[in-house]
Amino acid sequence: MGDVLAHESELLALVKEYLDFAEFEDTLKTFSKECKIKGKLLSKTAGGSLRDSKSLVIQKDLIAAFDSGDQKVFFDLWEEHVPSSIRDGDPLAQKLEFYLHIHFAIYLLKHSVGRPDKEDLDERISYFKTYLETKGAALSQTTEFLPFYALPFVPNPMVHPSFKELFQDSWTPELKLKLEKFLALIFKASNTPKLLTLYKENGQSNKEMSQQLHQQLIEAERRSMTYLKRYNKIQADYHNLIGVTAELVDSLEATVSGKMITPEYLQSVCVRLFSNQMRQSLAHSVDFTRPGTASTMLRASLAPGRKLKDVPLLPSLDYEKLKKDLIWGSDRLKAFLLQALRWRLTTSHPGEQRETVLEAYIGNDLLDCHSHGQRSVLQLLHSKSEVVRQYMARLINAFASLAEGRLYLAQTTRVLRMLEERLKEEDEDVVTRENILGALQKFSLRRPLQTAMIRDGLIFWLIDILKDPDCLSDYTLEYSVALLMNLCLRSAGKNMCAKVAGLVLKVLSDLLGHENHEIQPYVNGALYSILSIPSIREEARAMGMEYVLRCFIKEGNAEMVRQIEFIIKQLNSEELQDGVLESDDDEEEDDEEDHDIMEADLDKDELIQPQLGELSGEKLLTTEYLGMKAESSGRIRWLPGTRSILSPNQPPEHFCRTRCRPQVVGLDHDQHGEDEAEGPGRCAAQCRRAPVPARHPWRPQDGVPSAGRPSRSSPDGPTRGKRRPPVPDKRPPSSAPGG
């Protein structure tokens, strides 16, 4: 009862407020009268002050201050009458407030006759700068607002291209309209009685919590059943082991008395011992009486990942018939064949089984990379069927995920040209474009193909699609940025960027604040690399890049901060390195020593499913296209006259020795030529975490923490599980500053 009395006036006020809102006039009169008779006090509700006749006056005062440019009056009213929960928690209110600060900061520039008063203008700019460093800092990670963080540092914003929109005649009226709608919405929302708000919030919260708890219960039950099964199996194994151990102890005691153990007895004991580890029939077929057999199998059963039985090789295929049907068959048959061939690669066991599959594909020139006929399998990339195009792109991406597959595809630039052409034409099927980008990004690990991509203007295409990153899937965004960084590591790529320096810098600075943090090391690497060119550094300084970068220092983690500090150092350097930028024309290529891991995304969202009676997958291949024998193991034999354009004779020193966490963007140039630094860059090529550009001084060998990135041992790109694409990095010279 004490709690009720303590909050009685507030509760009564809530009831009165709701009755008033619902227009229960007679009930409200009776309620108020009875409260007065009983001496019950009614406290004023939180929303009452915003529902009176002053609401319109407040709105008019805010609009008047907006029109007159009275910054102080406006923000005093704003903070007093717009609830802090809305100002601080509502994204719409935060964005509107940001633009309102811009409005007052540039008000004199837009409305003054002649030159504005310098003291007044400086005061407004200083107020805006303070806002950016305090409350406005929360939006520094938002792409939309990044350019405006440089506004206080630009001498003449009216002529700067980044702020052209602010000085158009339509900008202020549009902002005023947004303000009016916002105020009307806020004051209208404030009229909702608090009792109703509490009811709705509580009901929604209970519903969401109930759903969440129900989902957790289902998951807990599933885990419980799994663990129970494991427990029962372990318990059975334990009981079996105790029984066998007891018998073996009895047998040892018997041997002390001179009794011999028969081979049949040993066989029966071992069969019982291994009955839970292998099929009963297989256990009976093993001769455990042979010395060392049982002990070897016991030790092998403890080794993680070891199997007691070899993985069988897959049956050989009739590749001539396969390629004939891929070229002349129906679109549906082509799609099923491409799917089945891809599944053979992606679902095969890593090791000898997958190697023999790939060897057979390459040995029979499955994709017709070396065919000069009018019709070839590669031309399926330009099929009229979207499904066929997509499945062909998936198969090529699967090839590119394996080192030998990349070597096969990279022997001529024909495949590269076809992929580039398809990439620029494909604007409907997102998955097709993803797989083409994935393949191209893996191709960019090889210098000759890097050179070809740069000459073909792929950098300009990448910059164009990255202008609107929110329209891209995570896969497309990550692979596009990683590919851009790879190409920017080359001097030719940097020179290409210099032709559109302003656009490249704007796109990269916008990407710095993107919500997908997986791309940050790639963006940092590209920025650091292109800022080695004086003309790009000059453009970056003019657009206030340093201030934008420093905003991220306040928000980023330690590694991100370290990378950005090196970018700022590069930005403020005065070195003239244009001469060095022409020295990386050596197309010698390192031999790839990486292991191969397939991406899960290669088999996601299949477009076709077999109908009743249709064959698909391995069953289709082994029923209609069976060869004479199983795929044989052995080294790949390249077709005559198909020697790779890539030389595998680079010395092994060009590979980074760090296998688990290669270095991330480092930022320092020295006297070393670009060729020397770029060679080891490919050591990060197959990594599953962050990519790394050239000559970057934070690196593991210096004891400096590096950004998370996979080892060279995995050439696959990012899946939905956030694997990062493989990217070449460059080992920093020994003279570069370490951690």
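Residues numbered from 1 in each chain as written. Predicted model: local features only at pLDDT ≥ 70, side-chain atom pairs only at ≥ 80, totals over all residues. Heavy atoms only, no water.

To continue, consider the overall build of the chain. Scanning the chain from terminus to terminus reveals 32 helices and 2 strands. With 739 residues in all, the chain has 49% of them scored as buried. For the chain, contacts bridging at least 24 residues in sequence account for 79% of all contacts bridging at least 6. Here the chain has roughly 37,200 Å² of accessible surface; of this, 54% comes from carbon and sulfur atoms. (Helix = DSSP H or I, 4+ residues; strand = E, 2+ residues; numbered from the N terminus. Buried < 20%, exposed > 50% of the residue type's maximum accessible area, 1.4 Å probe, protein only. Contact = heavy atoms within 4.5 Å. Areas by Shrake-Rupley, 256 points an atom, 1.4 Å probe, with all protein chains shown as cover.)

Quick look at the pattern of salt bridges now. Summed over all chains, the structure comprises 22 salt bridges. Across the salt bridge formed by Lys118 and Asp122, the nearest N and O atoms sit 2.8 Å from each other. Note that Lys118 and Asp122 are positioned in helix H9 (residues 118-133) at a spacing of 4 residues, about one turn of the helix. Overall, the relative accessible area of 61% leaves Lys118 in the exposed class. On the basis of relative accessibility, which here comes to 38%, the residue Asp122 falls in the partly exposed class. Between Arg550 and Glu546 there is a salt bridge; the shortest N-O distance is 3.0 Å. Separated by 4 residues within a single helix, Arg550 and Glu546 lie in helix H29 (residues 545-555), roughly one turn from each other. Shared partners join several salt bridges into a network, and the residues in it are Asp88, Glu97 and Lys135. (Salt bridge = Lys/Arg side-chain N within 4 Å of Asp/Glu carboxyl O.)

Counting buried positions over the 8 residues of helix H23 (residues 458-465) gives 6, a clear majority of the element. The set of residues buried in H23 consists of Leu458, Ile459, Trp461, Leu462, Ile463 and Ile465. Check the buried side of H23 and you find it contacts helix H20 (414-425), helix H21 (430-443), helix H22 (447-455), helix H24 (474-488), helix H25 (491-499) and helix H26 (501-512).

Right, let's talk about a nonpolar patch on the surface for a bit. There is a patch of nonpolar side chains on the surface, built from Tyr18, Phe21, Phe24 and Leu195 and spanning about 360 Å² of accessible area. Along the chain, Leu195 turns up in helix H11 (residues 194-256). (Patch = residues over 30% accessible without salt bridge, like charges linked within 9 Å, V, L, I, M, F, W, Y side chains within 5 Å.)

On to the packing of aromatic side chains, then. Counting across every chain of the model gives 22 aromatic pairs. Consider the rings of Phe98 and Phe148, whose centres lie 6.3 Å apart with planes at 50°: the pair is tilted. With Phe98 in helix H7 (residues 91-105) and Phe148 in the loop between H9 and helix H10 (171-189), this residue pair connects regions lying 50 residues apart in the sequence. The exposure class assigned to Phe98 is buried, which follows from its relative accessible area of 0%. What makes Phe148 buried here is its relative accessible area of 7%. With a centroid separation of 4.3 Å and 40° between ring planes, the pair formed by Phe153 and Tyr547 is classed as tilted. Linking Phe153 in the loop between H9 and H10 with Tyr547 in helix H29, this pair joins segments that are 394 residues apart in sequence. Given the relative accessible area of 12%, Tyr547 is considered buried. One aromatic cluster in this structure is built from Phe98, Tyr99, Phe128, Tyr131, Phe145, Phe148, Tyr149, Phe163 and Trp171. The aromatic ring of Tyr625 is capped on one face by Lys321, whose charged end is 5.1 Å from the ring centroid. Lying across the ring of Tyr391, Arg342 places its NZ or CZ 5.0 Å from the centre. (Phe/Tyr/Trp six-rings, centres within 6.5 Å; stacked < 30°, edge-to-face > 60°. Lys NZ or Arg CZ within 6 Å of the ring centre and 35° of its normal.)

With that out of the way, let us pick up the environment of Ala492. Within the secondary structure, Ala492 sits in helix H25. For Ala492, a relative accessible area of 36% puts it in the partly exposed group. Residues Ala492 and Gln450, spaced 42 residues apart in sequence, show a C-alpha to C-alpha distance of 9.6 Å.

Leu367, Phe399, Leu409, Leu440 and Phe443 are the most contacted members of the largest nonpolar core, which has 109 residues in total. Per-element accounting of this core gives the leading share, 10 residues, to H24. (Core = buried A, V, L, I, M, F, W, Y, C linked by side-chain atoms within 4.5 Å.)

The next subject is the environment of Ile568. Summarising the element assignment, Ile568 is placed in helix H30 (residues 558-571). Here the alpha-carbon distance between Ile568 and Leu549, two residues 19 residues apart in the chain, equals 7.3 Å. In this structure, Ile568 is in contact with Glu546, Leu549, Arg550 and Ile553, ignoring residues within four places of it in sequence.

The grouping of Asp20, Glu23, Glu25 and Asp26 at the surface amounts to a negative patch. Mapped onto the elements of the fold, Asp20 is located in helix H2 (residues 8-21). (Lys, Arg positive; Asp, Glu negative; His and termini not counted. Charge placed at Lys NZ, Arg CZ, Asp CG, Glu CD.)

Once that is clear, we can look at the side chain of Arg87. Along the chain, the position of Arg87 falls in helix H6 (residues 84-89). Asp88 is the oppositely charged side chain nearest to the buried, salt-bridge-free Arg87, at an N-O distance of 4.7 Å. Among all residues touching Arg87, those that are not within four sequence positions of it are Trp78, Glu79, Val82, Ala93, Gln94, Glu97 and Lys135.

Let us look at the confidence of the model for the chain. Looking at the chain as a whole, its pLDDT mean stands at 75, while 73% of the residues score no less than 70. This stretch, residues 590-595, has a pLDDT under 50; its non-local contacts, to residues over four places away or in other chains, come to 27 contacts. Of the regions scoring below 50 in pLDDT, residues 729-739 engages in 62 contacts with residues more than four places distant in sequence or in other chains. (pLDDT = per-residue confidence, 0-100.)

The N-to-C vectors of H2 and helix H3 (residues 25-37) enclose an angle of 160°; their axes lie 9 Å apart at closest approach. Here H2 lies roughly antiparallel to H3, going by the angle between them. Between H2 and H3 lies a crossing of left-handed hand. Here Leu12, Val15, Lys16, Leu19 and Asp20 of H2 come into contact with H3, specifically with Thr27, Leu28, Phe31, Ser32 and Cys35. (Axes fitted to C-alpha atoms, helices over the stretch in contact; angles between N-to-C directions. Parallel < 35°, antiparallel > 145°, perpendicular 65-115°, else oblique. Left-handed = near helix turned anticlockwise from the far one by under 90°.)

Taken N-terminus to C-terminus, the directions of H22 and H24 make an angle of 100°; their axes are 10 Å apart at the nearest point. With respect to H24, the element H22 is oriented roughly perpendicular. Here Gln450, Met453 and Ile454 of H22 lie close against H24, whose contacting residues are Leu483, Asn486 and Leu487.

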